[in-house]
Amino acid sequence: MSTATALLDPPAAAAARRGGLLRSPVGVALPLLLVVVAVVLTFPGLFATHAPEATDVAAALQPPGSAHWFGTDQLGRDVWSRLVHGTRLSVLIAVGATVIGVGGGALLGLVAGCGGRRVDFVLMRVVDVLLGFPELLLALLVVALLGGGTVNVAIAIGIAGVPNYARLVRGQARLVLRSEFVEAARVLGVPAWRSVLRHVLPNVGGPLVVLASIGLGSAIISGSGLSVLGLGPVPPEADWGSMVADGKDFLQTAWWISIAPGLAISVVVVCTTLIGRGLQLRAVR
């Protein structure tokens with residue numbers, strides 16, 4: 001067992017010794033569940049039983065049953081169908097935010113790690129300041145400047161995640177640039193940009209994927225949180241966060257309106273986080 005594995009908490013270390021979380025039955029089920037989510041967001045019409053925006057005041061606030069699997073909301077809309085159709089926006093916001101965060105963080109980290117001492121000092125001080133803000137608060141500040149909406153929320157969450165990815169990439173880049181094979185390439189006259197492409201980027205990619213898989217769950221939570229505050233998709237578009245907000249005033253009489261999307265958020269976040277954790281355990285073995 002490696003030293004890094006031994007320094008993990010006991011349950012994580014035990015999982016690593018057994019071959020890692022991703023080789024367990026749970027680890028096999030997690031990617032399959034995410035595949036199901038991907039199919040649902042791609043073909044929501046195959047799973048929805050009603051039109052997501054179809055209202056029926058006479059059927060408002062009906063509990064879960066055979067006619068409406070997850071009940072209806074205050075306007076008589078089918079909660080299950082809205083949950084299915086809301087999957088697309090909820091996941092795409094998180095994926096878009098993660099792509100923006102990874103892209104911006106990788107670029108910033110590479111410039112800081114490969115651009116010299118002064119450039120590194122300035123950029124890392126900026127990153128340190130940004131890291132002093134909670135991600136959701138930083139995303140709120142960006143939304144305040146850009147305005148609400150699906151695209152702006154994804155951009156805001158992505159910008160809020162840039163500092164974490166930048167610090168990781170910068171550390172990995174500096175580590176690789178100090179290695180003997182890069183020093184040998186420099187002595188032989190290999191251009192710096194070629195060393196970055198051939199040596200730095202491949203070594204940064206693995207840790208970046210691990211952090212991105214964990215960050216995807218955080219992006220889902222942040223996106224849902226902003227939607228609960230009314231800053232997400234504009235009605236009649238719905239995502240899981242806006243569905244939670246719709247039911248917050250009916251928790252005692254119609255708890256299913258908020259519980260259903262809340263459970264969906266929890267399941268997807270747990271899946272992505274555990275997959276990221278499993279990748280992390282494999283990386284330190």
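Scroll up to find the structure.
This is a predicted model, so every value here is computed, not measured.

Visitor: Before we move on, could you go through the pattern of salt bridges and cite the residues and values that matter?
Guide: Applying the stated criterion across every chain, the model contains ten salt bridges. The salt bridge involving Arg 82 is made with Asp 73; its shortest N-O contact spans 3.9 Å. The pair formed by Arg 82 and Asp 73 is uniform in burial state, with each residue classed as buried. A salt bridge links Asp 120 to Arg 174, with the nearest nitrogen and oxygen atoms 3.7 Å apart. Here the residue Asp 120 occupies a position in helix H5 (residues 117-131), and Arg 174 occupies one in helix H7 (residues 150-177), the gap between them amounting to 54 residues. Judged by relative accessible area, Asp 120 falls into the buried class, the value being 7%. Connected via shared salt-bridge partners are Glu 53, Asp 73, Arg 77, Arg 82 and Asp 246.

Visitor: Any chance you could break down the packing of aromatic side chains for me, citing the residues and the numbers?
Guide: For the structure on display, the rule yields three aromatic pairs. Look at Trp 69 and Trp 80: their rings are 5.7 Å apart centre to centre, the planes differ by 45°, and that puts the pair in the tilted class. Taken together, the residues span a long stretch of sequence, with Trp 69 in the loop between helix H3 (25-42) and helix H4 (79-114) and Trp 80 in helix H4 at a distance of eleven residues. Exposure remark for Trp 80: the relative accessible area of 19% places this residue in the buried category. Summarising the aromatic geometry, the rings of Trp 255 and Trp 256 are spaced 5.6 Å apart at their centres and angled 80° between planes, so their arrangement reads as edge-to-face.

Cut-offs used in this document
Every chain is numbered independently, its residues counted from 1 as its sequence is written. Local features in this predicted model are restricted to residues of pLDDT 70 or higher, and side-chain atom pairs are both shown and tallied only at a pLDDT of 80 or more, whereas totals for entire chains, interfaces and linings draw on every residue. Only hydrogens and water are set aside; all other atoms, that is, all heavy atoms of the structure, feed into the side-chain values. Should a side-chain nitrogen of Lys or Arg be within 4 Å of a carboxyl oxygen of Asp or Glu, the pair is scored as a salt bridge. For every residue, the accessible area obtained with a 1.4 Å probe (protein chains only) is divided by the maximum for its type, and the residue is called buried under 20%, exposed over 50%, and partly exposed between those limits. Elements are defined by DSSP. Helices are runs of H or I of four residues or more, strands are runs of E of two residues or more, and each kind is numbered from the N terminus. Between 30 and 60 degrees the pair is tilted, below 30 it is stacked and above 60 it is edge-to-face, where a pair is any two Phe, Tyr or Trp rings, Trp via its six-membered ring, whose centres lie within 6.5 Å.

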